[in-house]
Amino acid sequence: MDITQSALPIFAKNGFVGTTTKEIAEAAGVSEALMYKHFPSKEALYSEIQLDCCAQAQKSLEMLSSMKSSTESLILA
């Protein structure tokens with residue numbers, strides 16, 4: 001599991017302020033030093049998670065908008 005995937009449920013549970021980099025590193029199975037090599041701050045990690053979530057939402061919206069209007073499409077959505 002990567003750092004962002006490990007951090008997401010911790011941020012969701014504890015909020016940004018209540019989450020520590022130590023908790024994230026432990027959940028990801030990496031050292032804090034390695035985490036900081038990939039993300040220079042907790043804010044940078046949080047921002048990356050937000051960007052990933054927005055990108056996923058955009059893909060879902062694109063998929064939905066390409067579907068024909070039907071009961072079948074509604075069920076799939």
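Residues numbered from 1 in each chain as written. Predicted model: local features only at pLDDT ≥ 70, side-chain atom pairs only at ≥ 80, totals over all residues. Heavy atoms only, no water.

**Student:** I'd love a proper account of the environment of Lys13, names of residues and values included.
**Tutor:** Locating Lys13 in the fold gives a position in helix H1 (residues 3-18). Note on Lys13: relative accessible area 72%, which makes it exposed. On a C-alpha basis, the gap between Lys13 and Val30 in space is 20 Å, while along the polypeptide they are 17 residues apart. (Helix = DSSP H or I, 4+ residues; strand = E, 2+ residues; numbered from the N terminus. Buried < 20%, exposed > 50% of the residue type's maximum accessible area, 1.4 Å probe, protein only.)

**Student:** Give me the lowdown on the packing of aromatic side chains, citing residues and values where you can.
**Tutor:** Tallying each qualifying case throughout the model produces three aromatic pairs. Centroid distance Phe11 to Tyr46: 4.9 Å. Interplanar angle 80°. Geometry classified as edge-to-face. Of this pair, Phe11 sits in helix H1 while Tyr46 sits in helix H4 (residues 42-66), and the two are 35 residues apart along the sequence. For the pair Phe16 and Tyr46, a centre-to-centre distance of 5.1 Å together with 70° between the ring planes defines the contact as edge-to-face. With Phe16 in helix H1 and Tyr46 in helix H4, this residue pair connects regions lying 30 residues apart in the sequence. Overall, the relative accessible area of 25% leaves Phe16 in the partly exposed class. A cation over an aromatic ring shows up here: Lys42 above the ring of Phe16, its NZ or CZ 4.4 Å from the ring centre. (Phe/Tyr/Trp six-rings, centres within 6.5 Å; stacked < 30°, edge-to-face > 60°. Lys NZ or Arg CZ within 6 Å of the ring centre and 35° of its normal.)

**Student:** So what about a nonpolar patch on the surface? Which residues, and what values?
**Tutor:** Together, Leu61, Met63 and Leu64 give the surface a local cluster of nonpolar side chains, amounting to about 290 Å² of exposed area. Position of Leu61 relative to the elements: it lies in helix H4. (Patch = residues over 30% accessible without salt bridge, like charges linked within 9 Å, V, L, I, M, F, W, Y side chains within 5 Å. Areas by Shrake-Rupley, 256 points an atom, 1.4 Å probe, with all protein chains shown as cover. Salt bridge = Lys/Arg side-chain N within 4 Å of Asp/Glu carboxyl O.)

**Student:** Hey, could you go over the packing of H1 against H4 for me, with residue numbers and the actual values?
**Tutor:** Contact geometry of H1 with H4 gives a least axis separation of 10 Å together with a crossing angle of 105°. When the interaxial angle is binned, H1 and H4 end up roughly perpendicular. Only Lys42, Glu43, Leu45, Tyr46, Glu48, Ile49 and Asp52 of H4 make contact with H1, whose side of the interface consists of Ile3, Thr4, Ala7, Leu8, Phe11, Phe16 and Val17. Of the residues assigned to the contact of H1 with H4, the class counts are nine nonpolar, one polar and four charged. (Axes fitted to C-alpha atoms, helices over the stretch in contact; angles between N-to-C directions. Parallel < 35°, antiparallel > 145°, perpendicular 65-115°, else oblique. Contact = heavy atoms within 4.5 Å. Nonpolar A, V, L, I, M, F, W, Y, C, P; charged D, E, K, R; others polar.)

In short, geometric facts, not functional conclusions.
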